[in-house]
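# Observations on chain architecture
Given next are the chains, with one letter for each unit.
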Amino acid sequence: MTSPGWGRRPFEKPPVPEDYWNLAPERAAEALSAGLTGLSVSEAAARLARYGPNDAAQRRHTPLWLQFLARFKNPLVLILLVASAASAATGEITSFVVITAVILLSVTLDFVQEVRAESAVEALRRSVALTARTCRGGNWIELSADQLVPGDLVELKAGDLIPADGLLIKARDLFITQAILTGEPYPVEKHAAPLKAPAAGPAEADNAGFLGTSVVSGVGQLLICRTGRATILGGVAKALGERAPVTAFETGIRHFGLLIMRLTALLVLFVLLVNGLMGRPLLESFLFAIALAVGLTPELLPMVTTVTLAHGALRLAKRRVIVKHLPALHNLGAMDLLCTDKTGTLTEAQVKVDRAIDAEGQPSDRVLELARLNSQFCTGVRSPLDSAILASPDPSGAVICTKLDEVPFDFERRRVSILIEREGRAQLLVKGAPENLLRLSNRVEGKDGAARPLDAALRAQLTQAFEKLSQEGLRALAVAYKPMPAGPRAMAIADESDLIFVGFVAFIDPPKQEAAVVIRELADSQVGIKILTGDNEHVTQHLCQSLGLDVRGTLTGDELAKLTDEALFSRVADTDLFCRLTPQQKTRVVLALRRAGHVVGFLGDGINDAPALHAADIGISVDSAADVAKEAADLILLDHDLELVRAAVEEGRRSFENILKYILMGTSSNFGNMFSMAGATLFLPFLPMLPVQVLVNNLLYDLSELGIPFDRVDRAALARPQRWDMRFVQRFMWTLGPVSSVFDFLTFFTLLYLFKAGEAEFQTGWFVESMLTQTMVVLLIRTRGNPFANLPDRVLAATVFVAAGLAVLLPYTGLGRWIGMVPLPLPLLAAIAGLAAGYFLLVEIAKRILWRHAGAPGPRLQRRF
Ligand SMILES: Nc1ncnc2c1ncn2[C@@H]1O[C@H](COP(=O)(O)OP(=O)(O)OP(=O)(O)O)[C@@H](O)[C@H]1O
Ligand SMILES: [Mg+2]
């Protein structure tokens, strides 16, 4: 609802050079006229006005009256404006007044509804917007990231998405993934020290942090130098965070719009031609043709779509689900496959240490002590495993040692290394996935503390011990260490070799029984589940067993790495468990599933889930997730509960169905009426309806449809994924359109030959008949089954009956007379009622046949990438 500021002063460029990373922090702060202690509240406000908000789109809020005026740029409204001017110029005051009223009413209606819907949704979106810890007026506060300005000071910690571009003024073991900028998947370490040699580009600027990159581990402080569009990423992506891909439903709606436009053009030309040949007055023919075009256009479609989606989003918000991106609801309605992670979704995420055992399988305090030191010093995202280790009883009491360095956890290595100094000796402590640690070890520590070689037999024995733990459903981490030479106080990944294996820490994480119930419900409504996890296959299989889920096929990351995309494509269908996946492999699986024609949802909360969240049709995350995951998601669950996903799927299907109702109405009843109107010009000696009457007719029809976004939806429509099927819409149109026309011609016949109606009476009679049938028929079309068993929502019932009632009463009022209507005799009204009843009966029969043959959701298209 905002557009780039119209003719207003553009935002200023930030006062630092583009290669500000070559400046010392003090120089940069000076250039920014800020200190290194943050801004005052008033200064920040002034800067926000000068440099603009920190979002890539940098939109100024357009005043409401300008937004309102902007609607008059719509071609349809322009045609109407021309028509009203033409009427005024030729003295057709009645037409002029009615057309103007129609324009004002429809524009206002549209505007008010959309503004209300969008501001409600915007408020929801803001409630889950990214925040940054910022120093303002000497206090550290959590601030919405779009409020940041050059000169602000921001704190960074593991899991954060960097909110703008800036210079690091503090950094401790700070590792940042810059894949989005440089394509480099591994995190790079950043320092607060000035660069030794000037850096040519951001890739070499090890002292700067950039918008959109994420903190893997460590902590830091960033002096914000450039915000919004002045950032590197902001310059590239005009609207960051707004997911551009159009949903299949949106494409469908566009095709539908084109179809209607073509038909309208044809019909209008036809009418103009016929009237011209028949020598009717030019202005009147023109106005009539215009009125037909207006009548045919589904002008409320954008409003109905937005209001329906917004209504769905608000209902979901009550159930604690936030929709960040409205069209995502379409995809939710179409989703037939949900990929999910394990921890927190299928388990309670209440991880506890079950036992710690040494290489011989005996309980060992030493293992726990080393694990605890490792967890205590690691600065990466606090994993539930670390929290569990730190929460377990401490047998050894506080050990006195200092941390020298760290190589943080990442999902490729699956381990954390900490270099410590203890009693004057340097030691490397490694904790991570057992397979990986066993591979890196060449010795084993015995009970006596002595290390002996790790031979093949011992290796097999340890692998077996690990598998046994996993099969019991216990997650396990291995612990290993290595004495380091005195001197160097730093370490690198290369040091993680020739380790001494010490033992395992095993964790329990109780399965979430409710999840199994929801998974079954999802299966009943035709949404399949696949589990994509970084954990190993034994634990995951055990978990599925204890939840009573039967799974077909398991694929591990190692196996997956050997498959080509084609081979993977042929395997995904009968594989339900994907284990030990790296973040990139999660993405590969999602893409393969999409290629197989599925509409794929992905639920995950970790940094490692972010790429797959992006790749899926619908990314779903939770409020407590890492920033990157939240940012990549379309849907945020405020509670980590699969039931919310089920509710969201239902809501997606509900909005699909309600939008479809409007479209089906437009293609059948409305289309049929306008079609007959054009046809009637062929043989009637006068216009079948006056242009103003057509416009009023259209206005009342619009009024009757206003309740559609709030309507109830059949159970049958919620029972399976909803896909846009243009062929079905067309079949609907070419069946119900003619049905409507048949009755229209029967009405003509009745009026002309049975009642010998004159021009005004004919036009009035037909107005009433067409209004009655057009509006009331929604009560039949809105449901796939028996309309008496599936009653409409109160709002829709009210709009329909008010519109129909107004249509019947209008001829008896002054207003009716003014637009050329005459009161209808009762027998004629009765005949019209009879005709309408016949029409409803035929529609009901045709509708049921159509739906019976509608078959499964639309064809599964193979997608190309
Ligand atoms: N804090 C940690 N220290 C050492 N190793 C870890 C740590 N956290 C995770 N790992 C290792 O990395 C593996 C993958 O991590 P994790 O299980 O969290 O992946 P995931 O894909 O997020 O799983 P899930 O589907 O359960 O969310 C773990 O199985 C474990 O071996
Ligand atoms: Mg996870």
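Remember, predicted model here, so these are calculated numbers, not experimental data.

### Description of the overall build of the protein
Within the protein, the regular secondary structure consists of 31 helices and 23 strands. With the C-alpha coordinates of the protein rotated into their principal frame, the extents come out at 115 × 65 × 40 Å. Burial status across the protein gives 48% buried among its 865 residues. Within the protein, contacts between residues separated by at least 24 positions form 74% of all contacts whose residues are at least 6 apart in sequence.

### Some thoughts on helix H13 (residues 384-391)
Because each turn of an α-helix spans 3.6 residues, side chains separated by three or four positions end up pointing in the same direction. What H13 keeps buried is the set Leu-385, Asp-386, Ala-388 and Ile-389. Projection of H13 onto a plane perpendicular to its axis shows the buried side chains occupying an angular sector of 160°, all on one side. On the buried face of H13, the contacting elements are strand S10 (352-358), helix H12 (365-377), strand S16 (475-484) and strand S17 (499-508).

### Section: the site of ligand 1
In the vicinity of ligand 1 lie 19 residues, with Asp-341, Thr-343, Ala-433, Thr-533 and Gly-534 positioned nearest. Looking at the shell around ligand 1, the elements with two or more residues in it are H13, strand S12 (415-422) and strand S13 (425-432). Of the residues in the shell around ligand 1, the class split is five nonpolar, seven polar and seven charged. Both of domain 3 (321-348 + 511-638) and domain 4 (352-508) provide at least three residues apiece to the shell around ligand 1.

### Re the confidence of the model for the protein
Across the protein, pLDDT averages 87, with 95% of residues at or above 70. When the criterion is pLDDT under 50, residues 1-7 qualifies, and its contacts beyond four places in sequence or with other chains add up to 14 contacts. Per-residue pLDDT stays below 50 along residues 856-865; that stretch engages in 15 contacts with residues further than four places along the chain or on separate chains.

### Regarding the UniProt feature "transmembrane region" (unreviewed entry) in the protein
The positions UniProt marks with the feature "transmembrane region" (unreviewed entry) are residues 93-112, 256-274, 286-310, 732-754, 766-783, 795-812 and 818-842. Helix makes up 83% of residues 795-812 and strand 0%, with an end-to-end C-alpha separation of 26 Å.

### Focus on the domain arrangement of the protein
What the domain assignment lists for the protein is domain 1 (20-67 + 129-236), domain 2 (253-298 + 663-852), domain 3 (321-348 + 511-638) and domain 4 (352-508). Tallying the contact residues gives 14 residues for domain 3 and nine residues for domain 4. Take the side of domain 3 that touches domain 4: its biggest share by element is five residues, from helix H17 (residues 537-546). Of the residues in the side of domain 3 that touches domain 4, the class split is five nonpolar, eight polar and one charged.

### Details of unusual backbone geometry
One non-glycine residue, Ser-33, lies in positive phi territory at about 50°. Turning to its location among the elements, Ser-33 is positioned in the loop between helix H1 (25-31) and helix H2 (41-51).

### Details of the sheet that holds strand S9 (residues 337-340)
Within a sheet, adjacent strands bond to each other through the backbone by hydrogen bonds, running parallel or antiparallel. The eight strands lie next to each other as S8-S23-S22-S21-S9-S18-S20-S19, forming an open sheet whose pairing is mixed. Unpaired on one side and paired on the other, strand S8 (321-323) and strand S19 (554-556) mark the two borders of the sheet. On average, adjacent strands in this sheet sit at an angle of 20° to one another, irrespective of strand direction. As paired elements, strand S21 (residues 600-603) and strand S22 (residues 618-622) share three bridges and run parallel to each other. Paired with Phe-602 across the two strands is Gly-619, which belongs to S22. Each of strand S18 (528-532), S19 and strand S20 (577-579) is contacted by H17, which is oriented at about 145° to S20, the strand it contacts most.

### Points about the environment of Gly-380
Mapping Gly-380 onto the fold places it in the loop between H12 and H13. For Gly-380, a count of 23 C-beta atoms within 10 Å translates into the label buried. A C-alpha to C-alpha distance of 9.6 Å links Gly-380 and Glu-406, two positions 26 residues apart in sequence.

About the criteria used
The numbers attached to residues start from 1 for each chain and follow its sequence in the written order. As a convention, the first chain written is A and the first ligand written is 1, with the rest following in written order. In keeping with the predicted nature of the model, local features appear solely for residues at pLDDT of at least 70, side-chain atom pairs appear and are counted solely at 80 or more, and the whole-chain, interface and lining totals rest on all residues. Under the scheme used here, helices are H or I runs from DSSP no shorter than 4 residues and strands are E runs no shorter than 2 residues, and both carry numbers assigned from the N terminus. Here exposure depends only on C-beta density: within 10 Å of a residue's C-beta, 20 or more other C-beta atoms make it buried, 12 or fewer make it exposed, and intermediate numbers make it partly exposed, the C-beta atoms being placed from the backbone. Residues are treated as contacting if the C-beta atoms built from their backbones sit within 7 Å of each other. Directions from the helix axis toward the C-beta atoms define the arc. Note on definitions: a residue is near a molecule or strand provided its C-beta atom, placed from the backbone, lies within 6 Å of it. Asp, Glu, Lys and Arg are counted as charged, while Ala, Val, Leu, Ile, Met, Phe, Trp, Tyr, Cys and Pro are counted as nonpolar; the rest, among them Gly, fall into the polar class. Those domain boundaries reflect an automatic or database domain assignment. Per-residue confidence from the prediction method is given by pLDDT, with values spanning 0 to 100. UniProt positions are given in the numbering used here, feature names are shortened, and annotations may be inferred rather than shown by experiment. Two strands qualify as a pair provided DSSP detects at least 2 bridges between them. Axis definition: a line fitted to C-alpha atoms, over the contacting stretch in the case of helices. Angles run 0 to 180 degrees between N-to-C directions.

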